[in-house]
Amino acid sequence: MVSYMLKFLDKKILLLKFVEGILILISAKFLADAIIFQSQKFLSIFFLCFGFRILLQNCAEKIIFKMSLELQTELRKKIHAELFGCELDSGEILTLIFDTIKIAEEFFLKILPNIAGILILLPIFLISAIFLDKISALILFLTLPISPILLWLIGKTTSEKNLRALEKLQNLNSDFKQILSAITALKIFDRINFAAQKIKSTSEKSSAATLEVLKFAFISSFALELITTLSIALVAVTLGLRLVSGSVEIFSAIFLLIIAPEIFLPIRKIGIAFHIAISAKNSVDKLKKFFAVEQKNFSKIEKLKVPPEISVKNLSFSYPQKKSLALREINFKIPAGKITAIVGESGAGKSTLLKILAGLYLPTRGEIFFNDLPTSKMQRESLFEKISYAPQIPKLFDADLQKNFTMFGRLDAENLQKFLQELNLKINLSAEQKLSRGQLQRLGIIRAFLKKSSIIILDEPTAGLDIESEKLFIKFVEKNSARKTIIIATHRQAVINFADFVINLEVSA
């Protein structure tokens, strides 16, 4: 965990902490002089140094906050890239994306600055103490290790409690998501009260588990405050007695009394936010486990000859937490550079099959080959570059229509205008407007072809189109199908007749 933390310590933070340490020593010197000599000049310099210290801390906080945002954005992008085909349920995914990554912000803002303080400030202060008074330095050396040992002992128990709290939170997210998705059915069958009681029960369990973590966090903070206070008091009492006996100079005594709390300050702050450190460790472990599982099947391959022939061998698929198979032992070939229609009754799994071919779902068993290369050995980014997929109801994003068409790359204005004319889609590209089902279907078709992929997968592209628009679609595909392997799931006879090959998908028994 410590090695993982150290990777985020930017040179700027370490440099700012070093300068802050020098300022603390300078301000301590002038404050000691101000007390000894009763000088307003020294007191003014002390306040000036103190002001600079606050400015440095603000600069460090801005840098750390920026690093936190960058890391959260990067992690969310990586998780989103791995979600397609991910076997985690919705509760685990929600917890991973929001709660787990959110802990990173608290780690950066409350733990990382103090890690930097321990690495930079402690050596500076201890070296100063050695030069001023070796006995006080020895006391500091002996009392400093007590706090980390205590945190380690408490941390072993706190870590288990924190994992339990995360599990309960994950269950709450999962139950809440499931109930929201089934809210209409619950209302129809008058089961709203039952659902509310379930959410209440899960929420109470999550709250109780979180409270257990907070109890241990309070105990650790209290114990750490007590130990550090006693350590500072031990230094102060020793210096007082030695000052009376004349074995230590008054400047050294006052100076050490001023910097003694500063020596323990980073450790005390980590103790206050100790439960965040434990949460951060558990979050890092969860993220590492997720990325290890999701990336282990993907590696670099040689360049793929396009457009590819697609072979499906012994493919079976079942949805997570479902015992029945949506697809069972499917075998077929889709020829390269041709138009293939996938037909079958409703419930046969046409849409599921297309999502597997598009790389959005991973097969439960079996393999898909592009030419002779298994897609399970391809990098996810490489796979998605070769495929364009238009679902039954394409997503209309909260942006103007031009951005909705060009979401996969730069604007190809010439092709976009040409495709709009060929499909007779008359819309205002610069406006945010609602589209009919037929317009939405054509948006998805154009979006898929604008990507210029070698594999085009279309799920019921003419379901919302009238006969004339369907004819335009057929002409459009015929005109723009060069060097493309096109796969269309359809019920429409005109599209089936137009296809070069037809694959009939039967309902799994």
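Everything discussed here concerns the structure shown above.
Residues numbered from 1 in each chain as written. Predicted model: local features only at pLDDT ≥ 70, side-chain atom pairs only at ≥ 80, totals over all residues. Heavy atoms only, no water.

To continue, consider the overall build of the chain. Across its full length, the chain holds 17 helices and nine strands. Counting across all 509 residues of the chain, residues that qualify as buried make up 48%. Excluding contacts between residues fewer than 6 apart, the proportion of contacts in the chain whose partners are at least 24 apart in sequence is 79%. Summed over all atoms, the accessible surface of the chain reaches about 27300 Å², with 61% contributed by carbon and sulfur. (Helix = DSSP H or I, 4+ residues; strand = E, 2+ residues; numbered from the N terminus. Buried < 20%, exposed > 50% of the residue type's maximum accessible area, 1.4 Å probe, protein only. Contact = heavy atoms within 4.5 Å. Areas by Shrake-Rupley, 256 points an atom, 1.4 Å probe, with all protein chains shown as cover.)

What the four strands build is an open sheet, ordered S2-S1-S4-S5; its pairing is antiparallel. Each edge of the open sheet is held by one strand with a lone partner, namely strand S2 (327-334) and strand S5 (373-374). Sheet topology note: the strand S1 (residues 310-317)/strand S4 (residues 365-370) ladder contains five bridges and is antiparallel. Paired with Ser 316 across the bridge in S4 is Arg 365. (Pairing = 2+ DSSP bridges.)

So, about the pattern of salt bridges. Two side chains with opposite charge may pair up if their charged atoms get near one another. According to the stated counting rule, one finds eight salt bridges in the structure shown. The partner of Lys 17 in a salt bridge is Glu 20, and the shortest N-O contact between them spans 3.4 Å. In this pair, Lys 17 and Glu 20 both sit in helix H2 (residues 11-37), three residues apart, roughly one turn of the helix. Exposure class is identical for Lys 17 and Glu 20. Each is buried. (Salt bridge = Lys/Arg side-chain N within 4 Å of Asp/Glu carboxyl O.)

What follows concerns unusual backbone geometry. Within the chain, Asn 314 stands out as a residue other than glycine whose phi angle is a positive 50°. Taking relative accessible area as the criterion, Asn 314 reaches 40% and is therefore assigned partly exposed. One non-glycine residue, Arg 483, lies in positive phi territory at about 55°. Considering the arrangement of structural elements, one finds Arg 483 in the loop between helix H16 (467-479) and strand S8 (485-489). A relative accessible area of 61% places Arg 483 in the exposed class.

A word on the packing of aromatic side chains. Enumeration over the complete set of coordinates arrives at ten aromatic pairs. Here the aromatic rings of Phe 46 and Phe 50 are separated by 6.3 Å at their centres, their planes lie at 35°, and the arrangement is tilted. Of this pair, Phe 46 and Phe 50 both sit in helix H3 (residues 40-82), four residues apart, which is roughly one turn of that helix. For the pair Phe 449 and Phe 476, a centre-to-centre distance of 5.0 Å together with 75° between the ring planes defines the contact as edge-to-face. Of the two residues, Phe 449 is situated in helix H15 (residues 437-450) and Phe 476 in helix H16; the sequence distance between them amounts to 27 residues. Here the aromatic cluster, defined as three or more aromatic residues joined through ring pairs, consists of Phe 30, Phe 37 and Phe 42. Above the face of the Phe 30 ring, Lys 29 is positioned so that its terminal group lies 4.9 Å from the ring centre. Its guanidinium or amino end placed over the ring of Phe 369, Lys 313 lies 4.9 Å from that ring's centre, counting from NZ or CZ. (Phe/Tyr/Trp six-rings, centres within 6.5 Å; stacked < 30°, edge-to-face > 60°. Lys NZ or Arg CZ within 6 Å of the ring centre and 35° of its normal.)

Here the focus is the sheet that holds strand S7 (residues 455-459). Pairing in this open sheet of five strands is parallel, and the strands run S6-S7-S8-S3-S9 from one edge to the other. Across the chains shown, the open sheet's two edge strands, defined by having one partner strand only, are strand S6 (387-390) and strand S9 (501-504). Sheet twist, expressed as the mean angle between neighbouring strand axes with direction ignored, is 15°. Pairing analysis gives four bridges linking strand S3 (residues 339-343) to S8, with the strands arranged parallel. What sits directly across from Ile 342, in S8, is Ala 489. Packed on one face of the sheet, H15 meets S6, S7 and S8 and runs near 170° to S7. (Axes fitted to C-alpha atoms, helices over the stretch in contact; angles between N-to-C directions.)

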